[in-house]
Amino acid sequence: MVTHHADAGRAWSAAAAVVDPEVPVLSIDDLGVLREVTVSNGGVDVVITPTYSGCPAMDAIREDVVRALASAGFADVRVRLVLSPAWTTDWISAAGRSALKDYGIAPPSAAGPVRLSLSVKCPHCGSLDTREVAHFGSTSCKALFVCTGCGEPFDHFKAL
Amino acid sequence: MTDAHLDHGHVELSAVTLSEEFVASDTPPTPEVAEYALWLGDDALVLAQRLGQWITRAPELEEDVALANIALDLLGHARSLLRYAGSASDRTEDDLAYWREEGGFRSAHLFEQQNGDFAHTIVRQFAAAHYLYVLYDRLRASTDPVLAGVAAKAVKEVDYHRDHADQWMLRLALGTDESRRRTLRALEDVWPYVDELFHDEPLLDALDGVAIRPSTLGVAFDADIAPVLAEAGLELPQAFHAAGGGRRGQHSEYLAPLLAELQVLARQHPGASW
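This structure is a prediction, so every number in the text was calculated from the model and none was measured. (Residues numbered from 1 in each chain as written. Chains lettered and ligands numbered in written order. Predicted model: local features only at pLDDT ≥ 70, side-chain atom pairs only at ≥ 80, totals over all residues. Heavy atoms only, no water.)

Draft legend 1. Spatial organisation of the domain arrangement of chain A. Residue and element names in this part refer to chain A. With domains assigned, chain A is organised as domain 1 (5–81) and domain 2 (93–157). Each of domain 1 and domain 2 was reduced to a C-alpha centroid, and the two centroids are 27 Å apart. If you look at the interface, domain 1 gives 8 residues, while domain 2 gives 12 residues. Here domain 1 meets domain 2 over a buried area of about 880 Å², counting both sides, of which 73% is carbon and sulfur. Where domain 1 meets domain 2, there are 0 salt bridges. Of the residues belonging to the side of domain 1 that touches domain 2, the class tally is 6 nonpolar, no polar and 2 charged. (Domains from an automatic or database assignment. Contact = heavy atoms within 4.5 Å. Buried area = accessible area lost by both parts, 1.4 Å probe. Salt bridge = Lys/Arg side-chain N within 4 Å of Asp/Glu carboxyl O. Nonpolar A, V, L, I, M, F, W, Y, C, P; charged D, E, K, R; others polar.)

Structure, rendered in C-alpha cells:
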C-alpha cells in the first residue's frame, strides 16, 4: 500500500507548479485557480476553476496539469472544471500579487471590486497618478492603464 | 468550443481521462429546467456572436478589445448553460450550438438585433447588460445548484459589462449633437425589443424556485437604468412593443444569417479541429 499522504503532497506540488499561460510568472496555485487535488488508488482528481467564464486559457491549463502530473508519475488523472464558488481576485496569494507587480502588471486591490475611486499604482514607477485607458485589456482579466508620472502604459489585473 | 467526441491530434493525452464538466453536478436537469437553461444559453450565445462581428470594425482599437472580451464572457456563460441543457437529452454544447435550426433557438429578439451603428450596439448592450445583471443577481438564489453556480459567476462579469455600457451611454448622449442624435435614434429602434425580456411564459409555472419569473425583474431593471438615463438626459421612447416570440422559436429575419455564420464551419467540415 502506497502512502497516500505523501502522494497527495507530491501531486499537489506537481499541479501547483503549472503556470498561467497568459501570465507565466503566476502559478495556478498563486492565482487561486487550483482548488483541490486528491489521490486515490494511484489516480488523481484535480479541481480547477476559471478566472472568467470564457477564459480560453483553461484548456491549456487543464492539459498542462495532466502533463505535470504525468511527469510526476501519475498516469490516471482527471481534471474537473467547477464554477462554484466563483473565483475572486481575493484568492490571488501575496506571492502572486508581488509576482504580478514585478512582471509589470498592476495587481488587483485586495478589497474586491471598487468602482473608479481608488488609484491604481503604476507597476513601473509606483506613481498613483494613473488613468484607465480602456475598461478591457489583452485578456479577460485585465484593463489597460497609463501612468501620468512616467508615461508608460501598463496592464491592471481587475478586481473581481 | 471543443467537442468531447473529437480527437485533438496534437495533444498526446491518450493515457488520461479528461472530464469536461463545467459545473459540479452529476444529475441531468428535468426537461423544464433544461428548456430554461436553453433560453438563457441561447441569449448569451446569440449576443456573443453579434458582438464578435464588431472585431476589427469598432470605432477604436480599445473598443474592439472591449466588445470581444464581453463576447468571450457571454460565450463562457453560453457554454455552461448549453452543456447543462444538453445533458438532459444526451447532446453536447456543440450539438446545440451548431446543429439546431433557427426554429430550435430560444433566444429573445433583442439579442439577435443587428449591430447597426455603434450607438445601436451600445443601446442594445445597455439593455442587455442591465437585464442580465438583475436576472443573474436573483438567479444566484435558484434552488438548482448548477443555475445558481453559473449565475454567481456570471453576475460579476455582467456587472462589468453594465459599467462599460453605462459609460458609453453617457459619452454618446452627452457628446456631440451627432452622437446624441444617433443615440436617440438607437433608443427608438432597439427599445421595442426590451419588453419581451420581461414576458412570462407558461414554462415558468413549472419552475418555481428554480427560474426567475421575468415579469418580476422589470422593477429592478427600471431602477437600475434610471440613474444613467437621468444623467444622460435621456427618456425612454413610448414606442410600440415588438411581438417577440423567441422563447417559442419564432424569430426575426436577423437570426438565420447570424446562425449561418456561426454554424457554417462546423457543418461544412464536420469534426474539424485546429
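Draft legend 2. The environment of valine 44 of chain A, seen in detail. Along the polypeptide, valine 44 of chain A turns up in strand β2 (residues 43–48). Non-local contacts of valine 44 of chain A, meaning those with residues more than four positions away in its chain, are made with Ala11, Val37, Thr38, Val39, Leu69, Phe74, Asp76, Val77 and Arg78 of chain A. (Helix = DSSP H or I, 4+ residues; strand = E, 2+ residues; numbered from the N terminus.)

Draft legend 3. Here's a closer look at the sheet that holds strand β3 (residues 77–81) of chain A. All names here are of chain A. Read across the sheet, 3 strands follow the order β1-β2-β3 without closing on themselves; strand pairing throughout is mixed. Whereas interior strands pair on both sides, the edge strands pair on one side only; in this sheet they are β1 (34–40) and β3. Strand after strand, the sheet turns through a mean of 15° between neighbouring axes, direction not considered. Where β1 and β2 come together, 6 bridges link them in antiparallel fashion. When the sheet's bridge partners are listed, threonine 38 is paired in β2 with aspartate 45. Strands in contact with helix α3 (residues 57–71) are β2 and β3; relative to β3, the strand with the most contacts, it is inclined by about 155°. (Pairing = 2+ DSSP bridges. Axes fitted to C-alpha atoms, helices over the stretch in contact; angles between N-to-C directions.)

Draft legend 4. Representation of the environment of glycine 96 of chain A within the structure. Residues and elements named next belong to chain A. Relative to the assigned elements, glycine 96 resides in helix α4 (residues 94–103). You can call glycine 96 buried: its relative accessible area is 0%. Ignoring sequence-local partners within four residues, the contact set of glycine 96 consists of Leu26 and Asp30. (Buried < 20%, exposed > 50% of the residue type's maximum accessible area, 1.4 Å probe, protein only.)

Draft legend 5. Spotlight on the environment of proline 108 of chain A. Residues and elements named next belong to chain A. For proline 108, the position within the fold is in the loop between β4 (105–106) and β5 (130–134). A relative accessible area of 5% means that proline 108 is categorised as buried. Separated by 11 residues in the primary sequence, proline 108 and serine 119 have C-alpha atoms spaced 11 Å apart. The contacts of proline 108, once residues within four sequence positions are left out, are Thr89, Ile92, Arg97, Leu100, His156, Phe157, Lys158 and Ala159.

Draft legend 6. Seen up close, the pairing of strand β7 (residues 153–157) of chain A. Residues and elements named next belong to chain A. With 4 of 5 residues buried, β7 is to be regarded as a mostly interior element. Bridge count for β4 against β7 is 2 bridges, and the pairing is parallel. When the bridges of β7 are listed, alanine 106 appears paired with histidine 156. Looking at chain direction, strand β6 (residues 142–147) and β7 are connected through 5 bridges and run antiparallel. Bridging across to β7, alanine 143 finds its partner in histidine 156. In sequence, β6 turns back onto β7 through a hairpin of 5 residues, with glycine 151 there showing a positive phi of about 80°.

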